[in-house]
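Architecture and fold: a report
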Amino acid sequence: MTDAKNPNIRAYVNAVSGGSVALETYPVELRRITNDGVSMSMSEDADQVLQAHDALNLTLELPDRKLPCSIACIVRHRDVVDNSVVYSCDYDWGATSDSLGVMEELVEYMLPD
């Protein structure tokens with residue numbers, strides 16, 4: 001498990017669905033990353049669009065990595081905290097392109113040097 005309060009990580013999320021909503025990308029703040037899931041906070045405006053979708057795509061721009069990682073996620077919980085909404089998600093490796101490569105990138109980030 002890794003606390004994700006690293007300012008060098010940029011993260012975005014979008015809905016996995018047909019139509020224009022899948023093209024809309026929203027910035028998120030990562031709260032925690034584990035080997036099987038992630039928690040992230042987002043604005044209430046983003047939640048208004050995404051709350052109808054349980055399948056999301058998370059894009060991570062990890063420090064010292066050339067390409068972003070894209071991970072399919074399933075939303076398990078949504079909670080309002082202060083002025084944002086916190087999503088707790090499990091990774092959906094079966095729906096993630098190049099899941100082994102993405103897993104390797106994520107593990108390399110999470111493990112200490």
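Figured I'd write up the structure that's included with this text. (Residues numbered from 1 in each chain as written. Predicted model: local features only at pLDDT ≥ 70, side-chain atom pairs only at ≥ 80, totals over all residues. Heavy atoms only, no water.)

1. Looking at the pattern of salt bridges
Under the criterion given, the structure shown has 5 salt bridges. With its nearest N and O atoms 3.2 Å apart, the salt bridge here joins Glu61 to Arg10. A residue pair is termed long-range when its members are at least 10 positions apart, and Glu61 in strand S5 (residues 55–61) and Arg10 in strand S2 (residues 10–15) qualify at 51 residues. Taking the shortest distance from any N to any O, the salt bridge between Glu108 and Arg65 comes out at 3.3 Å. Placement of the pair is Glu108 in helix H2 (residues 99–110) and Arg65 in the loop between S5 and strand S6 (69–81), with a sequence separation of 43 residues. Note on Glu108: relative accessible area 40%, which makes it partly exposed. When salt bridges with common partners are traced through the structure, they connect Arg65, Glu105 and Glu108 into a single cluster. (Salt bridge = Lys/Arg side-chain N within 4 Å of Asp/Glu carboxyl O. Helix = DSSP H or I, 4+ residues; strand = E, 2+ residues; numbered from the N terminus. Buried < 20%, exposed > 50% of the residue type's maximum accessible area, 1.4 Å probe, protein only.)

2. Some words on the pairing of S2
Pairing between S2 and S5: 6 bridges, direction antiparallel. From the neighbouring strand, Tyr12 faces S5, where its bridge partner is Thr59. Relative to strand S3 (residues 26–33), S2 runs antiparallel, the two sharing 3 bridges. When the bridges of S3 are listed, Val13 appears paired with Tyr26. (Pairing = 2+ DSSP bridges.)

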